[in-house]
Each structure stands twice: as structure tokens, then as C-alpha cells.
Amino acid sequence: MFGFFKKKEKPIVLPPLDAKLIGADIHSHLIPGIDDGATSLEDSLALVKGLQNFGFTSFYTTPHVMLDFYNNSSEKIKCGTEDLNHYLKQQNISAEIKPSAEYYFDENFIKRVETNDLLPIANEFILFEFSYINEPENPFPLIHKIKDLGYKPLLAHPERYPFYYGREEGLKKLREHGVYFQINLNSLAGHYGPAVHQMADWLIDENLVDFVGTDIHKKSHLDVIERALRSEKLLRLVESGRLMNQGLK
Ligand SMILES: [Fe+2]
């Protein structure tokens, strides 16, 4: 009869996972002023410090390479990374940022692949993204060209493309053609909405996630990443030992 006074059970909140167990963050926008990521060296510093505090041990920065908006050359990205590393050293930060890129699937990307003008992650993975609106008509020839160069194509945030919702076979087909998948930590915190969260969960359940990345652009993302690091789904994924971040230096 006194059930009325019973305390409601609180949901279990996990402590944030030590990102040391993830290892490398392979997707970030840390170079100031060359895309929609960090806006100044001070801003970059805050992002790197925040990520280090979570426990990440190494960093690949992946500025957008997109014909009409961010036509960043490999040289520009390398110089930007050098300047950033120089600044971090001055600030007594031990992290060394490695230059890579997030290639938008456009004609510019075709040219970069054809001329082998690419910045792979760990000499191995080419990170690329699709439009959020239009499904690419036939991505396979370019995917095969990337593989012919000896690289592994890696699709950024497959959970964020609405044209695959309800037709996940599209993602499975990419997989059959040798595409690796990287989900965003922010997706696991619900940052982009429930549909993206659900798709990220599905990818984990289907063992389709090879990498996680922060895709950090700004300081407010640090709070979201902290929430994602409390995700039980992420914990299970890390414990499974199948995340390839862990093998990268
Ligand atoms: Fe990104």
C-alpha cells in the first residue's frame, strides 16, 4: 500500500569510456580557417586538449576537400597541419597531428584519385563523404580506382545519409565492394537526431563499423563526445576488439 512512496529507479549512467581504448581519432576538423572546423589556433588548441583529456592517443585531421566550398590542396592541408603542430609544441602540447582529408564525392575527388593526389589515413585509408541529399548514381568505378591504387576506401558517417534509411542494402552493397565504414561518436549521443542514432546502432549491430571518429568541428562538440563516451553501445563495440582505430598509431 505504500508503493506510492517507492522511489523511482534512476537509469544507470555509465562513466565516460577512456578514449585511450579507442586510440586514434581519425576524423576531425582541427586546422583553422580552411573549412567549417576550428576558427583559430586557440580554438584548435582547445579541441586538441579536449580530445586528449578524453584519452585519445593520436590524431588524424581531415579537412573537407570539396570543389565549390573547400578546394583544399594536399599542400595546403600539409602546411596547415605543420603550422598547427608548431603552435601545439609552443603551447607544450605533446600531440602530433597527422594530415589527411575528408573528400567529398565530386569531380574534384575523381581528379585527385586519377592523379593519385591523396592524403590517406595511416598510408592506407581514403576517407570520403557523400552528399546528404543525393545518392551518388554509381560510386563503384571510383571506389575500384581507389582500391587499384592500393588504398582502402573509407566512408565517413554512413549513418548520416537519409537515402539509405529503410534501404540498408545500399550500404551492404558498398560493403561488398570493399568500402570500410566510420561512424561519428556524436551520432551515438543523438546529436543529429533519432534516425541517425538508430542507423548508427544498426551498423554496430550488423558488425559494419570499422572505425569511430569524433568529426569534431567546434568546442561544443566536446560535450556531445563526452555523452557519446557514456554510450553502452560504444562500450560493447570497443570491447568487441573489432574497431580498427585501436591498431593505428
Ligand atoms: Fe567531417
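Our structure's up above, just so we're on the same page.
None of the values given here were measured: they were computed from a predicted structure. (Residues numbered from 1 in each chain as written. Predicted model: local features only at pLDDT ≥ 70, side-chain atom pairs only at ≥ 80, totals over all residues. Heavy atoms only, no water.)

Q: If you had to explain the environment of Leu174 to someone new, which residues and values would you point to?
A: Positionally, Leu174 belongs in helix H5 (residues 169–176). Between the alpha carbons of Leu174 and Leu155 there is a distance of 9.1 Å; along the sequence they are 19 residues apart. Among residues more than four places away in sequence, those in contact with Leu174 are Phe130, Pro139, Phe140, Ile143, Leu155, Tyr164, Val179 and Phe181. (Helix = DSSP H or I, 4+ residues; strand = E, 2+ residues; numbered from the N terminus. Contact = heavy atoms within 4.5 Å.)

Q: Which residues make up helix H1 (residues 41–54), and what are the values?
A: Look at H1: 20 Å from first C-alpha to last across 14 residues, which is about the 20 Å you get at 1.5 Å a residue. Among the residues making up H1, those that are buried are Asp43, Ser44, Leu45, Leu47, Val48, Gly50, Leu51 and Phe54. Contacts made by the buried residues of H1 are with strand E1 (24–25), strand E2 (58–61), helix H2 (74–90), strand E4 (97–99) and helix H8 (220–228). Just downstream of H1 lies Gly55, where phi reads positive at about 115°. (Expected span 1.5 Å × (residues − 1). Buried < 20%, exposed > 50% of the residue type's maximum accessible area, 1.4 Å probe, protein only.)

Q: Go over H5 with me, naming the residues and quoting the values.
A: Residues three or four positions apart in an α-helix share a direction because the helix packs 3.6 residues into each turn. Within H5, the full set of buried residues consists of Gly170, Leu171 and Leu174. Seen along its axis, H5 keeps its buried residues to an arc of 100°; they face one direction. Tucked inside the fold, the buried residues of H5 contact helix H4 (140–148), strand E7 (152–156), strand E8 (180–184) and helix H7 (194–205). Residue Gly178 follows H5 closely and has a positive phi angle near 90°. (Arc of directions from axis to C-beta.)

Q: I'd like a rundown of the environment of Ala19, residues and numbers included.
A: One can find Ala19 in the segment before E1. Residue Ala19 is classed as buried on the basis of its relative accessible area, which comes to 0%. When near neighbours in sequence (up to four residues on either side) are disregarded, Ala19 contacts Phe54, Gly55 and Phe56.

Q: So what's going on with the sheet that holds E4? Residues and values would help.
A: Pairing is parallel across the open sheet formed by three strands, whose spatial order is E1-E2-E4. Edge strands, defined here as strands with exactly one partner in the open sheet, are E1 and E4. Sitting on the sheet, H2 touches E2 and E4, and the angle it makes with E4 is about 175°. (Pairing = 2+ DSSP bridges. Axes fitted to C-alpha atoms, helices over the stretch in contact; angles between N-to-C directions.)

Q: Could you give me a rundown of the sheet that holds strand E3 (residues 64–65), with the residues and numbers involved?
A: Read from one edge to the other, the open sheet built from six strands follows the order E3-E5-E6-E7-E8-E9, with strand pairing classed as parallel. Of all strands in the sheet, those with a lone pairing partner are E3 and strand E9 (211–213), marking the two edges. The pairing of E8 with E9 spans three bridges and is classified as parallel. The partner of Asn184 across the bridge, within E9, is Gly213. Lying on the sheet, helix H3 (residues 107–114) is in contact with E3, strand E5 (102–104) and strand E6 (125–129); it crosses E5 at an angle near 120°.

Q: Hey, could you go over the coordination of the iron ion for me, with residue numbers and the actual values?
A: At this site the iron ion is bound by His27 (NE2), His29 (NE2), Glu102 (OE) and Asp215 (OD), with donor distances of 2.1 to 2.2 Å. Coordination geometry of the iron ion: the four donor atoms subtend angles of 83 to 171° at the metal centre, consistent with an arrangement described as irregular. (Donors = N, O, S within 2.8 Å, 3.2 Å for Na, K, Ca; no water. Tetrahedral: all angles 85-135°; square planar, octahedral: opposite > 155°, others 65-115°.)

Q: Explain the packing of aromatic side chains to me, and be specific about the residues and the numbers.
A: For the coordinates displayed, the defined rule picks out 13 aromatic pairs. Aromatic side chains Tyr132 and Tyr161 sit 5.7 Å apart centroid to centroid with 25° between the ring planes, which places their arrangement in the stacked category. Placement of Tyr132 in the loop between E6 and H4 and of Tyr161 in the loop between E7 and H5 is noted, with a sequence separation of 29 residues between them. By relative accessible area, Tyr132 is classed as partly exposed at 33%. Stacked on the ring of Tyr192, the Lys or Arg Arg160 has its end atom at 3.8 Å from the ring centre. (Phe/Tyr/Trp six-rings, centres within 6.5 Å; stacked < 30°, edge-to-face > 60°. Lys NZ or Arg CZ within 6 Å of the ring centre and 35° of its normal.)

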